[in-house]
Amino acid sequence: MPQPSETEIQQIFDRIAPVYDRFNDLLSLGQHRIWKNMALGWCDPQQGEKWLDLCCGSGDMTALLAKRVAPTGQVIGVDFSTELLAIAADKAKNYLPKIQKCLTWQEGNVLDLPFDDNSFDGATLAYGLRNVSNIPQCLAELYRVLKKGAKASILDFHRPSDPLMQAFQDFYLDRVVVPLADRFGMTDEYAYIAPSLARFPIGAEQVKLAKAAGFDRATHYAIANGMMGVLVLQK
């Protein structure tokens, strides 16, 4: 399958927005929340800081960030899907007031961020890097908007190096993900996951791309038996 265009990916996420949260919970058995907290632990947001959550989706990671920087910090959740941003903003109405006041939602493209240079104390990007049309440009934009010394955590699915885990991942995608998507009427929307994984740079390649973008430090941690990875960066 050829890589979808940026517009096609945007349309996919607009269409899956109504089932996005439920689908993520079913696919991961709720484990995605643990992995997001692990990613946050590696970049260590502090109270009062200004953070950026790229490809924020329905805002789960954005909310976790807000809890860490509250009550005086700020978190901006950015996504190119207006439908997902609307869901994120609606969910935020149920958060504690001190969390709500830390949050801002903004439609934007990670390849051309609408922020000044050296603006943020840190950033997260959960399950989004694999979907961008130009990974080096995304990393360059991330580098540009971070302050010197700032950290970022990038969490995403990963192609495991172990053949047995590769076989398990293929089985899981073919026999669990696609049939589950079919039940939701989203077969075509989720069918691109396997080819997107095949195209996605492995951990060592992600490190090289991050250093080419200018980051002083880049470390990739394989989690969930290599089927998930966290790229931790420092400018």
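The name that an unreviewed UniProt entry assigns to the chain is 2-phytyl-1,4-naphtoquinone methyltransferase, with the source organism given as Pseudanabaena mucicola FACHB-723. Its UniProt record gives the chain the following Sequence similarities (unreviewed entry) comment, quoted word for word: "Belongs to the class I-like SAM-binding methyltransferase superfamily. MenG/UbiE family."

Caption draft 1: A look at the overall build of the chain. For the chain, the helix and strand inventory stands at eleven helices and seven strands. Over its C-alpha atoms the chain spans a radius of gyration of 17 Å, differing by no more than 12% from the 18 Å that the globule rule assigns to 235 residues. Overall, the chain is about 45 × 40 × 30 Å in size when its C-alpha atoms are taken along their principal axes. For the chain, the proportion of its 235 residues judged to be buried stands at 51%. Looking at the chain alone, contacts between residues at least 24 apart form 74% of all its contacts between residues at least 6 apart. When the accessible surface of the chain is summed, it comes to about 10900 Å², and 52% of that surface belongs to carbon and sulfur atoms. Averaged over its 24 positive side-chain charges, the chain has a centre that lies 7 Å from the centre of its 27 negative ones.

Caption draft 2: Structural detail: the pairing of strand β2 (residues 74-79). Counting buried positions along β2 gives five out of six residues, so the element sits mostly inside the fold. Handedness of the crossover joining strand β1 (residues 50-54) and β2 through helix α4 (residues 60-69) is recorded here as right-handed. Sheet topology places β2 next to strand β3 (residues 103-107); five bridges connect them, and they run parallel. Bridged to Val78 within β3 is Gln106.

Caption draft 3: Spotlight on the packing of helix α3 (residues 32-43) against α4. In the contact formed by α3 and α4, the axes pass within 10 Å of each other and the chain directions differ by 45°. In terms of orientation, α3 lies oblique with respect to α4. Classified by chirality, the crossing of α4 by α3 is right-handed. Of the residues in α4, those in contact with His32, Lys36, Asn37, Ala39, Leu40 and Gly41 of α3 are Asp60, Met61, Leu64, Leu65 and Arg68. Broken down by class, the residue content of the contact of α3 with α4 amounts to five nonpolar, three polar and three charged.

Caption draft 4: Representation of the pattern of salt bridges within the structure. Summed over the entire model, instances satisfying the criterion amount to eight salt bridges. The salt bridge partner of Lys147 is Asp121, with a shortest N-O separation of 3.1 Å. In this pair, Lys147 sits in strand β5 (residues 146-157) while Asp121 sits in strand β4 (residues 120-126), placing the two residues 26 residues apart along the sequence. For Lys147, a relative accessible area of 32% puts it in the partly exposed group. When its relative accessible area of 22% is taken as the criterion, Asp121 is described as partly exposed. Through salt bridges with shared partners, a single network forms among Lys36, Asp60 and Lys91.

Scoring rules and cut-offs
Residues numbered from 1 in each chain as written. Predicted model: local features only at pLDDT ≥ 70, side-chain atom pairs only at ≥ 80, totals over all residues. Heavy atoms only, no water. UniProt positions renumbered as here; feature names shortened; annotations may be inferred. Helix = DSSP H or I, 4+ residues; strand = E, 2+ residues; numbered from the N terminus. Rg over C-alpha atoms; globule rule 2.2 N^0.38 Å. Buried < 20%, exposed > 50% of the residue type's maximum accessible area, 1.4 Å probe, protein only. Contact = heavy atoms within 4.5 Å. Areas by Shrake-Rupley, 256 points an atom, 1.4 Å probe, with all protein chains shown as cover. Lys, Arg positive; Asp, Glu negative; His and termini not counted. Charge placed at Lys NZ, Arg CZ, Asp CG, Glu CD. Right-handed = clockwise from strand over helix to strand, strands pointing away. Pairing = 2+ DSSP bridges. Axes fitted to C-alpha atoms, helices over the stretch in contact; angles between N-to-C directions. Parallel < 35°, antiparallel > 145°, perpendicular 65-115°, else oblique. Left-handed = near helix turned anticlockwise from the far one by under 90°. Nonpolar A, V, L, I, M, F, W, Y, C, P; charged D, E, K, R; others polar. Salt bridge = Lys/Arg side-chain N within 4 Å of Asp/Glu carboxyl O.

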